[in-house]
Amino acid sequence: MKVRESGMPDEGYWEGFFEVDEILKTLQLTANTGDVVDFGCGYGTFTIPAARIVSGTIHAIDIEKEMVERTIERAGKEGLFNLKAVVRDFVAEGTGLPEQSADYVMLFNILHAELPEVMLADSYRILVKGGKLTVIHWNYDPDTPRGPPMEIRPRPEQIIAWTESAGFELLPPGIINLPPYHYGLIFSRP
Ligand SMILES: C[S@@+](CC[C@H](N)C(=O)[O-])C[C@H]1O[C@@H](n2cnc3c(N)ncnc32)[C@H](O)[C@@H]1O
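Residues numbered from 1 in each chain as written. Predicted model: local features only at pLDDT ≥ 70, side-chain atom pairs only at ≥ 80, totals over all residues. Heavy atoms only, no water.

Novice: Quick rundown of the overall build of the protein? Include the residues and the values.
Specialist: Tallying secondary structure elements over the protein gives six helices and eight strands in all. Taking 16 Å as the expected radius of gyration for a compact globule of 190 residues, we find that the protein reaches 15 Å, a close match to that expectation. A burial count over the protein gives 51% of its 190 residues as buried. A separation threshold of at least 6 residues defines the contact pool for the protein, and within that pool the share at least 24 residues apart is 70%. For the protein, the exposed surface amounts to about 8,500 Å²; the carbon and sulfur share of it is 50%. When the 17 positive and 28 negative side-chain charges of the protein are each reduced to one mean point, those points stand 3 Å apart. (Helix = DSSP H or I, 4+ residues; strand = E, 2+ residues; numbered from the N terminus. Rg over C-alpha atoms; globule rule 2.2 N^0.38 Å. Buried < 20%, exposed > 50% of the residue type's maximum accessible area, 1.4 Å probe, protein only. Contact = heavy atoms within 4.5 Å. Areas by Shrake-Rupley, 256 points an atom, 1.4 Å probe, with all protein chains shown as cover. Lys, Arg positive; Asp, Glu negative; His and termini not counted. Charge placed at Lys NZ, Arg CZ, Asp CG, Glu CD.)

Novice: Give a description of the site of the ligand that names residues and reports values.
Specialist: Taken together, 22 residues sit near the ligand, with M1, W14, G40, D62 and N109 positioned nearest. One of the backbone N or O atoms of F90 is found 3.1 Å from a nitrogen atom in the ligand. Against a free-state accessible area of 600 Å², the protein chains account for coverage of 98% of the ligand. Judged by the fraction of its atoms near the pocket grid, the ligand is located in the largest pocket. Split by residue class, the shell around the ligand holds 12 nonpolar, five polar and five charged. (Near = heavy atom within 4 Å. Polar contact = N/O pair within 3.5 Å; in protein donor to acceptor, adjacent residues only side chain to side chain. 1 Å grid on protein atoms, 1.4 Å probe; cavity = no way out; pocket = protein on both sides within 12 Å on 5 of 7 lines; lining within 4 Å. Sits in = over half its atoms within 2 Å of the grid points. Nonpolar A, V, L, I, M, F, W, Y, C, P; charged D, E, K, R; others polar.)

Here it is as structure tokens:
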């Protein structure tokens, strides 16, 4: 089931909302990071820069074939060989990745889903102990130029509550401002 309000606008417009390299650095993605899983990769906005940085493989999953194709195309143009991108419904089927096989999970602009707990439970399952779960989402502010309707837009405190219920621990510094329109969170799988 495609997550509500998860359709994408034009690629250039979407990518104007993020300082991607700064966000990944702030969320502690480094050359020492091993395998990464990107839930809902979209155009590969974060997937491709992450693939440039990490030493492991990036598993990019999206329900839309066009999104997966675009992400693969971008990796090909850059000669990045550490990307595995698949069309898959991670709400209905999960990621299908082995237990405790990933070091880093990205849940970016997706936790306004009907069933956020499904993604969080699968993230917990696939992450190694000590692995990181990172989240970004639109500020809880009706004046952002885009983002889910306020009725379904989660506040950071809500995401922290869901994620802690799934067994994760919030790492310092807590709620991180990612200007101009987003916030970020870093969790550890104990
Ligand atoms: C709002 S976009 C965010 C894309 C990317 N994470 C980013 O921040 O640039 C959400 C993406 O999740 C995908 N998606 C929605 N529901 C999904 C599902 N059930 N399984 C896999 N992908 C899904 C959409 O097709 C879309 O590309």
